[in-house]
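Overview (structure and organization)
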Amino acid sequence: MRRRAKRILLLCLGLAFIGYAAFALSPWPTTLLTRLAFGYGASKTTAALAGHVPFGIREQRDIRYGSAEDERLDVYLPSGGRIEPGRPTVVWIHGGAFVAGDRGDVAPYLKILAGRGFAVVAVGYTRAPTGRYPTPVLQANAALGFLQREGQRLGLDPTRIVLSGDSAGAHIASQLAAGLTGKDYGELLGLKPAIAPTSLRGTVLFCGAFDLTAIDLTGPFGSFVRTVLSAYFGVANPLDSERLTQASVPRYVTEAFPPSFISVGNGDPLAPQSAAMAQALRDRGVRVDTLFFPPETEPKLPHEYQFDLDRPEGKQALDRLTAFLNELSR
């Protein structure tokens with residue numbers, strides 16, 4: 001019995017070591033768990049938004065903008081497919097901590113935006129660790145080039161683009177906008193602009209992480225961020241990567257950055273990031289519209305609060321976003 005118990009103990013220790021090594025040495029176990037968690041959350045969000053989606057939205061799905069499997073986009077147009085002249089095209093990059101999420105996760109919200117009279121495009125990209133930095137940024141740039149060539153055929157105006165995104169998608173959108181409007185930064189990224197800076201009319205940034213060097217990587221949330229950044233940058237310790245500084249957008253924005261709408265919930269651990277991004281833009285004379293909430297707002301507004309249209313703050317965010325887009329139409 002003692003010999004058998006010893007073997008079982010050694011087996012358990014061996015399995016524990018293998019499990020630890022898998023999580024410590026490979027980004028895939030944590031990535032897969034993160035994708036499961038995000039998928040569950042997305043399914044709940046989709047179900048909650050279903051009742052807000054207007055009837056008759058025109059959809060064009062799974063349009064290839066490049067050769068990679070993930071290089072696809074979806075287009076949503078208002079009922080009847082008619083867009084008023086001057087209305088911008090909202091190009092949305094989904095979130096998911098760089099390793100998870102899908103463009104389909106934001107489909108209900110984008111259909112709601114389309115119902116307010118806008119052409120809306122959901123862009124897919126290759127997630128980490130397969131698609132490492134700066135692959136998603138370059139893919140989003142390629143998607144803009146595709147829209148520049150094919151936009152009119154798809155029923156949208158490719159000369160009036162509003163780059164938008166939530167969470168990690170907000171980071172990708174802001175970094176691409178900085179690269180398109182700042183020649184030196186674009187060259188640093190190895191970016192060949194697919195559209196003229198004049199075609200970029202604005203950005204919409206929800207709940208983003210913008211200065212990656214300013215995030216506290218200690219504690220449970222910091223440990224999670226460290227893990228996903230390791231997967232995105234392909235290094236064990238993201239703080240050892242010079243590209244972490246390169247990806248910290250507020251350092252590189254210029255006065256040519258387009259007008260922006262920035263919002264975040266008061267209970268979001270990334271809230272200071274949005275405030276810092278807004279301030280960096282204002283310091284350079286960029287017009288910024290923000291929707292931030294007092295600390296005493298209860299219950300606290302979590303990460304991605306804007307997708308909850310059953311809360312007054314979610315409705316307020318949608319109305320403010322619509323007003324911002326309408327202002328860009330003038």
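For the structure, see preceding data.
Residues numbered from 1 in each chain as written. Predicted model: local features only at pLDDT ≥ 70, side-chain atom pairs only at ≥ 80, totals over all residues. Heavy atoms only, no water.

We now examine the pattern of salt bridges. Counted by the stated rule, this structure contains 14 salt bridges. The salt bridge involving Arg 61 is made with Glu 59; its shortest N-O contact spans 3.3 Å. According to the relative accessible area criterion, Arg 61 is partly exposed, its value standing at 42%. Where Glu 84 meets Arg 87, a salt bridge forms, and the shortest distance between an N and an O atom there is 3.9 Å. (Salt bridge = Lys/Arg side-chain N within 4 Å of Asp/Glu carboxyl O. Buried < 20%, exposed > 50% of the residue type's maximum accessible area, 1.4 Å probe, protein only.)

Describing two packed helices takes the angle between their axes plus the distance from one axis to the other. At a closest axis distance of 9 Å, the pairing of helix α4 (residues 135–154) and helix α5 (residues 168–181) adopts a crossing angle of 70°. Our classification of the angle between α4 and α5 gives roughly perpendicular. In this structure, α4 meets α5 at a crossing whose hand is right-handed. Contacts between α4 and α5 involve Pro 136, Val 137, Ala 140, Asn 141 and Leu 144 on the former and, on the latter, Ile 172, Gln 175, Leu 176 and Leu 180. A per-class count over the contact of α4 with α5 returns 7 nonpolar, 2 polar and no charged. (Axes fitted to C-alpha atoms, helices over the stretch in contact; angles between N-to-C directions. Helix = DSSP H or I, 4+ residues; strand = E, 2+ residues; numbered from the N terminus. Parallel < 35°, antiparallel > 145°, perpendicular 65-115°, else oblique. Left-handed = near helix turned anticlockwise from the far one by under 90°. Contact = heavy atoms within 4.5 Å. Nonpolar A, V, L, I, M, F, W, Y, C, P; charged D, E, K, R; others polar.)

On to the pairing of strand β4 (residues 119–123). Burial of β4 is extensive: 5 of the 5 residues sit out of reach of the surface. Every second residue of β4 is oriented toward a common face, with Ala 119, Val 121 and Val 123 on one face and Val 120 and Ala 122 on the other, all of them buried. As defined by bridge partners, strand β2 (residues 72–77) adjoins β4 across 4 bridges and the pair is classed as antiparallel. The partner of Val 75 across the bridge, within β4, is Val 121. Bridge analysis of strand β3 (residues 89–93) against β4 gives 5 bridges, and the strand direction is parallel. (Pairing = 2+ DSSP bridges.)

Turning our attention to the environment of Asp 70. Within the secondary structure layout, Asp 70 lies in the loop between β1 (58–64) and β2. The exposure class of Asp 70 is partly exposed, given its relative accessible area of 35%. Separated by 93 residues in the primary sequence, Asp 70 and Leu 163 place their C-alpha atoms 19 Å from one another. Among the polar contacts made by the side chain of Asp 70, one reaches the side chain of Thr 126 at a distance of 3.3 Å. (Polar contact = N/O pair within 3.5 Å; in protein donor to acceptor, adjacent residues only side chain to side chain.)

Below, the discussion takes up the packing of helix α3 (residues 107–115) against helix α10 (residues 312–328). Close contact between α3 and α10 brings their axes to 11 Å; oriented N to C, the two are set at 50°. Viewed along their axes, α3 and α10 adopt a mutual orientation that is oblique. The two elements α3 and α10 cross, and the hand of that crossing is right-handed. Taking contact as the criterion, the partners of Tyr 109, Ile 112 and Leu 113 in α3 are, on α10, Leu 318, Leu 321 and Leu 325. In the contact of α3 with α10, the residues fall into 6 nonpolar, no polar and no charged.

Glancing now at helix α7 (residues 219–233). Helix length check: α7, at 15 residues, gives a terminal C-alpha distance of 21 Å against a target of 21 Å (1.5 Å per residue), a fit within 8%. Restricting attention to buried positions, one finds in α7 the residues Gly 222, Val 225, Val 228, Leu 229, Ser 230, Ala 231, Tyr 232 and Phe 233. Looking at the buried positions of α7, the neighbouring elements they touch are α2 (28–49), α4, α5 and α8 (242–246). (Expected span 1.5 Å × (residues − 1).)

Quick look at the side chain of Ser 164 now. Locating Ser 164 in the fold gives a position in strand β5 (residues 161–166). Here Ser 164 falls in the buried class, since its relative accessible area comes to 0%. Of note is the side chain of Ser 164, whose polar atom sits 3.2 Å from the backbone oxygen of Val 162. Setting aside its immediate chain neighbours within four residues, Ser 164 contacts Val 90, Val 91, Trp 92, Ile 93, Gly 169, Ala 173 and Val 204.

The description of an aromatic ring pair uses the distance of the two centres, along with the angle that the planes make with each other. Counted by the stated rule, this structure contains 11 aromatic pairs. Here Trp 92 and Phe 206 contribute two aromatic rings whose centre-to-centre distance is 6.2 Å and whose plane-to-plane angle is 25°, an arrangement assigned as stacked. Taken together, the residues Trp 92 in strand β3 and Phe 206 in strand β6 (residues 200–206) connect sequence positions 114 residues apart. Here Tyr 109 and Phe 307 contribute two aromatic rings whose centre-to-centre distance is 5.0 Å and whose plane-to-plane angle is 75°, an arrangement assigned as edge-to-face. Residue Tyr 109 is found in helix α3, and its partner Phe 307 is found in the loop between β8 (288–291) and α10; the two are separated by 198 residues along the sequence. Grouping residues by exposure puts Tyr 109 and Phe 307 together as buried. (Phe/Tyr/Trp six-rings, centres within 6.5 Å; stacked < 30°, edge-to-face > 60°.)

Let us look at the side chain of Arg 103. Looking at where Arg 103 falls in the secondary structure, it is placed in the loop between β3 and α3. Beyond its immediate stretch of four places on either side in the chain, Arg 103 contacts Asp 62, Arg 72, Leu 73, Asp 74, His 94, Ala 122, Val 123 and Gly 124.

Tracing the sequence through the fold places Ile 172 in helix α5. Leaving out residues up to four positions away in the same chain, Ile 172 has contacts with Ile 93, Phe 98, Tyr 125, Pro 136, Val 137, Ala 140 and Tyr 232.

Right, let's talk about the sheet that holds β6 for a bit. Taken in spatial order, the 8 strands line up as β1-β2-β4-β3-β5-β6-β7-β8 in an open sheet, and their pairing is mixed. In the strand order of this sheet, the two ends are held by β1 and β8, each with one partner. Direction aside, the axes of adjacent strands within the sheet are offset by 15° on average. Bridge count for β1 against β2 is 5 bridges, and the pairing is antiparallel. By the bridge assignment for β2, Ile 63 is matched with Leu 73.

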